[in-house]
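Fold and contact review
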Amino acid sequence: MYSEKVMDHFRNPRNMGEMKNADAVGEVGNPVCGDLMYIYIKIKDDRINDISFQTFGCGAAIATSSMITELAKGKTLDEAMKITRDDIAGSLDGLPPIKMHCSNLASDGLRKAIENYRAKQKKE
Amino acid sequence: MYSEKVMDHFRNPRNMGEMKNADAVGEVGNPVCGDLMYIYIKIKDDRINDISFQTFGCGAAIATSSMITELAKGKTLDEAMKITRDDIAGSLDGLPPIKMHCSNLASDGLRKAIENYRAKQKKE
Amino acid sequence: MGFKMKYVYLDYAATTPMDPEVIKEIEKHYRETYGNPSSFHKIGQNAAQILEKSREIVASLINAKTDEIFFTSSGTESDNLALKGVAFKNKGRGNHIITSSIEHHAVLHTCQYLEKQGFKVSYLPVDEYGLIDLKELEETITNKTILISIIFANNEIGTIEPIKEIGEIAKKHDVIFHTDAVQTLGKVPIDVEEMNIDLLSASAHKLYGPKGVGLLYIRGHGVRKGWGNYIEPLLHGGGHERGLRSSTENVPGIAGFAKAVELCKRSMKEESEKLIKFRDKIIKEITENIEDVYLNGHYTKRLPNNVNLGFRYIEGESIILSLDVEGIAASTGSACSSKSLEPSHVLLAIGQKPEDAHGSLRITMGRYTTEADIDYFLEKLPPIIEKLRKMSPLKNGKKYMFDPTYEINHHH
Amino acid sequence: MGFKMKYVYLDYAATTPMDPEVIKEIEKHYRETYGNPSSFHKIGQNAAQILEKSREIVASLINAKTDEIFFTSSGTESDNLALKGVAFKNKGRGNHIITSSIEHHAVLHTCQYLEKQGFKVSYLPVDEYGLIDLKELEETITNKTILISIIFANNEIGTIEPIKEIGEIAKKHDVIFHTDAVQTLGKVPIDVEEMNIDLLSASAHKLYGPKGVGLLYIRGHGVRKGWGNYIEPLLHGGGHERGLRSSTENVPGIAGFAKAVELCKRSMKEESEKLIKFRDKIIKEITENIEDVYLNGHYTKRLPNNVNLGFRYIEGESIILSLDVEGIAASTGSACSSKSLEPSHVLLAIGQKPEDAHGSLRITMGRYTTEADIDYFLEKLPPIIEKLRKMSPLKNGKKYMFDPTYEINHHH
Ligand SMILES: Cc1ncc(COP(=O)(O)O)c(C=O)c1O
Ligand SMILES: Cc1ncc(COP(=O)(O)O)c(C=O)c1O
């Protein structure tokens, strides 16, 4: 079903948990549909200095959440905006087709977080 | 499928073969339907003195033909007329239901032979 | 028993390991009874005899007559044959079918198909325990009703329906009564006479028998007073199973089914006592020691081997995946583990919110389940729940903990 | 091999003994691969893998793609699924089906059922060898024709139809082409691409595999240019086999089918050479040494393992019963050995008189048939024929030898 990489991230999620002092958070999914993802970011010099996630969802949702935190950490915001679903799935050695469509939300979550951060910046 | 009695009569049919000097013959069945039976009789003092059969048909048809020759031999014509399909099947320790209906023609054959004999007698 | 690795299998409702005696029985027939029962010669007639002996054994478990048992290839096929066979045969008599909202897909999707063919189907709602309302059932019957199909015991939540009472109502109104007993046969006593069951579906692989063998009990072998022949075949062909199910009979598999039935008959009482003990232990331990958990289904009107628990704030697939990592096989009603991507229609029917329906865990036990298995499961589960809840943004009562002013976008 | 008594089995067309390697394979999976492929955990996913591997093996035998193989429970179910699935799905497109007059009952009775549902079915006649006429086939196609279903090789007389040519005609007219290859798979090379076959039925128990497992090859897994989805399921339920055949998959049985296919692939060429030798030896010996006997079917366009002989003046059941007594299992097209009490429609279709159709003997050989078996049969048959002919009132040319003036009464 799942690759070893997916199982590794599922069993040992990286950067898991709420971030109290985050600069922004991105939310995607809906618990009614079985997935809800929060991506927290802390920004320094237009780079993702710290990142964490909270996820309600299946194994794929958890593993993709964990993976995006690894992929995004240290990247500039512009670079991070370009991370795609396929990038995440690829880094995890693939996802079952059905999961590609429905639980692979982490890149959207990160993008939301960055957009929220930028919107906040503008307001300030 | 068949009882041991049926198989015995099938393997070792009694009184089998054409009877050249028969007093009468009864024919039943139709090769188009898969059964044709001839019952030959020789009469003495209103009794069946000799009897034989020829049969084109399945195992049950052959066994019932053989059995009726045993049942009828020595009987008066009136007695022989009363032999039924059930008598034959019973003497053979039963027949498969489907065969009761379709291949159990021997009593009809014997009755035909007797009727033919009596018709002939009347004419003479 | 052939478990390749140390693994605690708690998914007996999905399918059971085969009993070694059943395997032995089938293997024997694989070698000896290879004939086609339609063949006239000894090899064929020998197979025909085994077939009829098996029919007898199976019939006796449910107090049926031998000629009322029709072998099929699965529970699904039996359900399809029962519903379509009765519906199409009795179009002229009526076009109304009554079923429940918690049927297995084999009945549910067949009903939906029949609706497309012009039949009207009433889906009875159920209460929070999954029980249909008998009064409502009776009120739903019209003079167009030809068939009532109600699952005997539900495969997800284990609720046992009031079958005998349904049978009485069906009889009173001269409506044919089918029950899907795929999860029930061999676990709970069934008496088709006492319960007025007209049609009953079962499947061998749920009771330690082989996959690919099912049965449909058909009262009066398909003939009913005032109706005549009341069921037509689904598979046309050589006229096997007295014209109601053509295909060369799977004699070795059927003999294996019969062996499985024999074993169930022998051990049902003892086994169900053991399983009820385990079941109630799991329910007690977990509901006492874990927060925000609830039992799905009924406390007592319940299959001996079924536990179905809802865990708030977390999702079912991640629970069973975590259990799998620990060497425990379980199941969930979560959409994420199903092909349809919809949460269990059964959990929704008992009134659950969709987000809660995603968090269900089904534990089903059986013949080879030991107290040690249960203890192992009870040891492994709590930290899994705790870890997943730590990961989840959902918490008791409040969903959005960070900043409620952020706009919420829903996917789909 | 598991023959319990010394017995010469010459009824491989009815069903085959199982290959010991197949039994071993199934037994292994009975013990190890008991999971439900729909289950998410390891035990289930392991079963899912075996299922897909089996699909791959089976696909490769007929040059199909893996996702074009759909497992069913029998040849009969495959035939029903093919015919009903295409007919009902394409009602809007056309209502005409073409088949032959020598189909197996699984196709013939399904066609008769479809006629009752409003479809028009053309039953192509065959010549004295059992071959359809290609020109007639093409002329029978109308713009309402949706399906052509022609048996690959006939189960009674062994005649192999011109499948590739039929495939071309079907393709040219954009009609779906189904073939019942239940007697053919594993005996004669089949290439669904080269032969333009769209749907193909097969059954494991005819090639040393288990009973209760069949397959339907479905080109493009049910999607066709200009048609969209062209087939609908027969069994509704959990959506197994990509929605086209619900029921928990019989993984051990399917793995056994795959093993059987592997073995056939390996030995088909050698086996068929052996069987053709036996076949032609029987035909030669019997037609040379017994009077009033004739071959049914074609001399060369014939399954390697099939001999079908007609013996005048005697009836088939009594022949096979006599052979059975001698320890030889064979078959006949006689009505007396069938449930329908009608003589073989195949023999009638090749122009036989009913009284002759009753006297047929079918000998079908296989993997375990030896030269000694053939010799034993050739030794035992002539005295049987002689004895039965002596018993029969029918003789060369004249039926009534005693007194032609007696009145003839026919029963029925
Ligand atoms: C040509 C043909 N088609 C279909 C079938 C039916 O196959 P099954 O017995 O697996 O349903 C058979 C054999 O019985 C057959 O010979
Ligand atoms: C209640 C119920 N009905 C029907 C079925 C279908 O049985 P099968 O898988 O044998 O087709 C199942 C199990 O899958 C079931 O649990």
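Residues numbered from 1 in each chain as written. Chains lettered and ligands numbered in written order. Predicted model: local features only at pLDDT ≥ 70, side-chain atom pairs only at ≥ 80, totals over all residues. Heavy atoms only, no water.

**Points about the confidence of the model for chain C**
Note that predicted coordinates carrying low pLDDT should not be read in detail. Residue and element names in this part refer to chain C. Going by this rule: What pLDDT reports is the predictor's confidence in each residue, on a scale of 0 through 100. Every residue pair with non-hydrogen atoms within 4.5 Å of one another is taken to be in contact.
Per-residue confidence for chain C gives a mean pLDDT of 93; residues scoring 70 or more make up 93%. This stretch, residues 398–412, has a pLDDT under 50; its non-local contacts, to residues over four places away or in other chains, come to 39 contacts. The ipTM assigned to the predicted complex is 0.94, against a pTM of 0.94.

**Some words on the pattern of salt bridges**
Put simply, the rule reads: One speaks of a salt bridge when a side-chain nitrogen belonging to Lys or Arg is within 4 Å of a carboxyl oxygen belonging to Asp or Glu. Every helix listed is a DSSP run of H or I at least four residues long, and every strand listed is a run of E at least two residues long, numbered separately from the N terminus. Relative accessibility thresholds used throughout: buried, under 20% of the residue-type maximum; exposed, over 50%; partly exposed, between the two (1.4 Å probe, protein chains only).
In this structure the tally under the stated criterion is 69 salt bridges over all chains. Here R14 of chain A makes a salt bridge to E70 of chain A, at a shortest N to O gap of 3.2 Å. Of this pair, R14 of chain A sits in the loop between α1 (4–11) and β1 (24–30) while E70 of chain A sits in helix α2 (residues 59–72), and the two are 56 residues apart along the sequence. Classification of R14 of chain A as partly exposed rests on a relative accessible area of 22%. Ionic pairing is found between R55 of chain D and E52 of chain D, a salt bridge with its closest N-O pair at 2.9 Å. Here E52 of chain D and R55 of chain D lie together in helix α2 (residues 42–61), a separation of three residues that amounts to about one turn. On the basis of relative accessibility, which here comes to 3%, the residue R55 of chain D falls in the buried class. Taken together, the shared-partner salt bridges in this structure form one network comprising R93, D174, E193, D198, R219 and R224 of chain C.

**Examining the packing of aromatic side chains**
Selection rule: Ring geometry is summarised as follows: Phe, Tyr and Trp rings, the Trp one being its six-membered ring, pair when their centres sit within 6.5 Å, and such pairs are stacked at plane angles under 30 degrees, edge-to-face over 60 and tilted between the two. When the NZ atom of lysine or the CZ atom of arginine is within 6 Å of a ring's centre and also within 35 degrees of its normal, the charge is said to sit over that ring.
Per the counting criterion, the structure on display carries 16 aromatic pairs over all chains. Taking the centre distance of 5.8 Å and the plane angle of 70 degrees together, the rings of F88 of chain D and F119 of chain D count as edge-to-face. Placement of the pair is F88 of chain D in helix α3 (residues 75–89) and F119 of chain D in the loop between α4 (105–116) and β4 (120–124), with a sequence separation of 31 residues. Accessibility classification places F88 of chain D together with F119 of chain D in one group, the buried group. Its guanidinium or amino end placed over the ring of Y208 of chain C, R367 of chain C lies 4.0 Å from that ring's centre, counting from NZ or CZ. It is K84 of chain D that lies over the ring of Y113 of chain D; its NZ or CZ is 4.8 Å from the centre.

**Description of the nonpolar core**
Quick reminder of the rule: In plain words, nonpolar cores are sets of buried Ala, Val, Leu, Ile, Met, Phe, Trp, Tyr and Cys residues tied together by side-chain atoms within 4.5 Å.
Judged by nonpolar contacts, the single largest core of 148 residues is most densely connected at I62, I148, I197 and L200 of chain C together with I148 of chain D. If near-sequence neighbours (up to four positions away) are discounted, I197 of chain C is found in contact with F152, I163, F177, T179, I190, V192, Y217 and R219 of chain C.

**A short note on helix α11 (residues 371–391) of chain C**
Quick reminder of the rule: A helix's residues, less one, multiplied by 1.5 Å, set its expected span.
Given a rise of 1.5 Å per residue, 21 residues ought to cover 30 Å, and the 31 Å separating the end C-alpha atoms of α11 of chain C matches this to within 8%. The set of residues buried in α11 of chain C consists of D373, I374, F377, L378, L381, I384, I385, L388, R389 and M391 of chain C.

**So, the packing of helix α1 (residues 4–11) of chain B against helix α8 (residues 316–325) of chain D**
Relative orientation and spacing of two packed helices are given, respectively, by the angle between their axes and the distance between those axes. Selection rule: Note on geometry: axes are lines fitted to C-alpha atoms, helical ones only across the stretch in contact, with angles between N-to-C directions running from 0 to 180 degrees. Roughly parallel covers angles under 35 degrees, roughly antiparallel covers those over 145, roughly perpendicular covers 65 to 115, and oblique covers all other angles. Think of it as three bins: nonpolar holds Ala, Val, Leu, Ile, Met, Phe, Trp, Tyr, Cys and Pro, charged holds Asp, Glu, Lys and Arg, and polar takes everything else, Gly as well.
Orientation of α1 of chain B relative to α8 of chain D, taken along the N-to-C sense of each, is 100 degrees, at an axis distance of 11 Å. By the criterion of interaxial angle, the relationship of α1 of chain B to α8 of chain D is roughly perpendicular. Here α1 of chain B contributes M7, F10 and R11 of chain B to the contact with α8 of chain D, which in turn contributes S318, L321, S322 and V325 of chain D. In terms of residue class, the contact of α1 of chain B with α8 of chain D is made up of four nonpolar, two polar and one charged.

**Quick look at the pairing of strand β2 (residues 69–72) of chain C**
Look at any regular strand and the pattern is simple: side chains alternate between the two faces of the sheet. Residues and elements named next belong to chain C. Applied cut-off: A pair of strands counts as paired when DSSP detects no fewer than two bridges linking them.
Burial of β2 is two-sided: the residues I69 and F71 facing one way and the residues F70 and T72 facing the other way are all buried. The sheet contact formed by β2 and strand β8 (residues 214–218) spans four bridges and is antiparallel. When the bridges of β8 are listed, F70 appears paired with L216.

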